[in-house]
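Chains, contacts and geometry: an overview
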Amino acid sequence: MMTKGKNKRMFDFKLLNISIKDYFTKDMLKLIIFPLLGSFLVMMIMFYAIADMGLSHLEETQIQVQQHQTMVENGVVHETSSDETYSGSSIIDFLLRYTVTSWIVSFLVYTIGLFAIGYLSIFTSLIIVGFLTPTILHTIHKRHYSSLELDEGYDTIIGSIFKLIKTTLVMLVLLILFIPLYFIPVINIIAINLPFFYLFHKMLNYDVSANIMTHERFKKIYYFNKSSFRGKTLLLYVVSLIPFVAFFISIFYIIYLGHSYFQLLDTENKNGN
């Protein structure tokens, strides 16, 4: 058992090592520019769209603040009260005027912003790199597995769109179902990431397998190696949560999983299955 576990770790290390080497080849580095620029463009458009919606909402929003002040002068108590109405950008000015509200606003903006950037960069780059998957897999196959005959695959444009919609709907349902867990410390980290990981895992495996094998063969290979693939995609997902990292390593997603499937296909063919 120990020898088997050691051999598996060695296999995983070699797989990671060869994937990193392929990632830094000239062919792959040239492709990085597409998910990088594409993701940046999409995020800029969404940022300005959301910012414009937020400012428009603020302009229509008003808050009324009542202030009471008591002063003692020459033994006489004086009480004054005032009503102030804030609207538009003046709401932000009011909130930033006080230390506590200023800290809360800053914390929420940066926290929500970092999460939004992280998740948006992951799935934007994932969609864009999907168009590059055939090219990446063809390059890897030609360089390392030229003797391996591939199936025609089961990927079609309609099928890809349907798969994306179906998986996204499941993710949204999970996000809604897990709402009660979002208020429990530590568990909320898992609860918020599990639906996103589900989409990430499903779409990556579909994207790679659909280009190199039949659906029946994919189901067979995945069934016997599901834990391994979950571990690989979990590693990629955790690394991708670092803001902006997904812009640069989305190509690596395909390289890493591509090698995983190619080697399993190669082993299967050698065993005569």
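Residues numbered from 1 in each chain as written. Predicted model: local features only at pLDDT ≥ 70, side-chain atom pairs only at ≥ 80, totals over all residues. Heavy atoms only, no water.

1. A closer look at the overall build of the protein chain
Put simply, the rule reads: Put simply, DSSP marks the helices as runs of H or I at least four residues long and the strands as runs of E at least two long, and each gets a number from the N terminus on. Accessible area is worked out with a 1.4 Å probe on protein chains only. A residue is then buried under 20% of its type maximum, exposed over 50%, and partly exposed in between. Contacts are assigned to residue pairs with any non-hydrogen atoms lying within 4.5 Å of each other.
Within the protein chain one finds 10 helices and 2 strands. Reading the secondary structure of the protein chain in the N-to-C direction produces α-α-α-β-β-α-α-α-α-α-α-α. Expressed as a percentage of its 273 residues, the buried residues of the protein chain come to 33%. In the protein chain, the share of contacts with a sequence separation of at least 24, taken over all contacts with a separation of at least 6, comes to 76%.

2. Some words on unusual backbone geometry
Among all residues except glycine, the phi angle is most often negative; among peptide bonds, the trans geometry is most common. With phi around 70 degrees, Val 186 is a residue other than glycine that occupies positive phi space. Looking at where Val 186 falls in the secondary structure, it is placed in the loop between helix H7 (157-177) and helix H8 (187-209).

3. Regarding the packing of aromatic side chains
Aromatic ring pairs are reported here in terms of the distance separating the ring centres and the angle at which the planes meet. Applied cut-off: Classification of ring pairs rests on two measures: the distance between centres of Phe, Tyr or Trp rings, Trp counted by its six-membered ring, which must be within 6.5 Å, and the angle between planes, read as stacked under 30 degrees, edge-to-face over 60 and tilted in between.
Taken as a whole and assessed by the stated rule, the structure comprises 15 aromatic pairs. Between Tyr 154 and Tyr 206, the aromatic rings sit 5.8 Å apart at their centres with planes inclined by 70 degrees, giving edge-to-face as the arrangement. With Tyr 154 in the loop between helix H6 (133-144) and H7 and Tyr 206 in helix H8, this residue pair connects regions lying 52 residues apart in the sequence. Here the aromatic rings of Phe 218 and Tyr 261 are separated by 6.3 Å at their centres, their planes lie at 45 degrees, and the arrangement is tilted. In this pair, Phe 218 sits in helix H9 (residues 215-240) while Tyr 261 sits in helix H10 (residues 245-270), placing the two residues 43 residues apart along the sequence. Taking the relative accessible area as the measure of exposure, Phe 218 reaches 13% and is therefore buried.

4. Section: the packing of H7 against H8
The criterion, for reference: Angles run from 0 to 180 degrees between N-to-C directions of axes, and those axes are lines fitted to C-alpha atoms, restricted for helices to the stretch in contact. Here the angle decides the label: under 35 degrees means roughly parallel, over 145 means roughly antiparallel, 65 to 115 means roughly perpendicular, and every other value means oblique. The handedness criterion is simple: a crossing whose near helix is rotated anticlockwise from the far helix by less than a right angle is left-handed, and one whose near helix is rotated clockwise is right-handed.
Axis separation between H7 and H8 bottoms out at 8 Å; the angle between their running directions is 165 degrees. On the basis of their axis angle, the class for H7 and H8 is roughly antiparallel. Both H7 and H8 take part in a crossing whose hand is right-handed. Within the contact between the two elements, H7 uses Gly 159, Ser 160, Lys 163, Leu 164, Thr 167, Thr 168, Val 170, Met 171, Leu 174 and Leu 175 and H8 uses Ile 192, Pro 195, Phe 196, Tyr 198, Leu 199, Lys 202, Met 203 and Tyr 206.

5. Looking at the nonpolar core
A general trend in soluble globular proteins is that nonpolar side chains are found buried together. Which entries qualify depends on this criterion: What we call a nonpolar core is a set of buried Ala, Val, Leu, Ile, Met, Phe, Trp, Tyr and Cys residues that are connected through their side-chain atoms within 4.5 Å.
Core analysis: the largest hydrophobic core is formed by 48 residues, its most contacted members being Ile 136, Phe 200, Ile 251, Tyr 253 and Tyr 261. It is H10 that contributes the most residues to this core, 12 residues altogether. Apart from residues no more than four positions distant in its own chain, Ile 251 is found in contact with Tyr 23, Met 28, Leu 31, Ile 32, Pro 35, Val 129, Leu 132 and Ile 136.

6. Digging into H7
Since the α-helix advances by 3.6 residues per turn, residues separated by three or four positions end up pointing in the same direction. Basically, it comes down to this: Take the residue count of a helix, subtract one, and multiply by 1.5 Å to get its expected span. Directions drawn from the helix axis to the C-beta atoms are what define this arc.
Taking 1.5 Å of rise per residue, 21 residues should cover 30 Å, and H7 covers 30 Å from first to last C-alpha, within 8% of that figure. Taken as a whole, H7 has its buried residues at Thr 167, Met 171 and Leu 175. Buried positions in H7, seen along its axis, are confined to an arc of 85 degrees and lie on one side of it. More than 90 degrees from the buried face of H7, the exposed residues found are Ile 158, Phe 162, Leu 169, Ile 176 and Leu 177. Elements in contact with the buried residues of H7: H8.

7. Considering the packing of H6 against H10
Quick reminder of the rule: In this classification, Asp, Glu, Lys and Arg are treated as charged, Ala, Val, Leu, Ile, Met, Phe, Trp, Tyr, Cys and Pro as nonpolar, and every other residue, Gly included, as polar.
One can describe the packing of H6 onto H10 by two numbers: an axis separation of 10 Å at closest approach and a directional angle of 50 degrees. Relative to H10, the element H6 is oriented oblique. Relative to H10, the crossing made by H6 is right-handed. In this structure, H6 uses Thr 133, Ile 136, Leu 137, Ile 140, His 141 and His 144 to contact H10, whose residues at the interface are Ile 251, Ile 254, Ile 255, Gly 258, His 259 and Phe 262. Classifying every residue of the contact of H6 with H10 by side-chain character gives 7 nonpolar, 5 polar and no charged.

8. Structural notes on a nonpolar patch on the surface
The condition that has to hold: Put simply, a patch holds well-exposed residues, over 30% relative accessible area, that have no salt bridge, with like charges counted together within 9 Å and Val, Leu, Ile, Met, Phe, Trp or Tyr side chains within 5 Å. Under the convention used here, a 1.4 Å probe and the Shrake-Rupley method define accessible areas, while residue burial counts only the protein chains that appear. The salt bridge definition used is simple: a Lys or Arg side-chain nitrogen within 4 Å of an Asp or Glu carboxyl oxygen.
Residues Ile 157, Ile 161, Ile 165, Leu 169 and Leu 172 make up a contiguous nonpolar surface patch of about 500 Å² in total accessible area. Within the fold, Leu 172 resides in helix H7. With a relative accessible area of 39%, Leu 172 lands in the partly exposed category.

9. Regarding the pattern of salt bridges
This structure, assessed with the given rule, holds 6 salt bridges. Between Asp 22 and Arg 143 there is a salt bridge; the shortest N-O distance is 3.2 Å. Note that Asp 22 is positioned in helix H1 (residues 2-23) and Arg 143 in helix H6, a separation of 121 residues in sequence. According to the relative accessible area criterion, Asp 22 is buried, its value standing at 3%. In this structure, the salt-bridge partner of Asp 151 is Arg 217, at a minimum N-O distance of 3.3 Å. Highlighted residues: Asp 151 in the loop between H6 and H7 and Arg 217 in helix H9, separated in sequence by 66 residues. Judged by relative accessible area, Asp 151 falls into the partly exposed class, the value being 26%. Arg 217 sits in the buried class, given a relative accessible area of 16%. One network of salt bridges, in which partners are shared, links Asp 151, Arg 217, Lys 220 and Glu 268.

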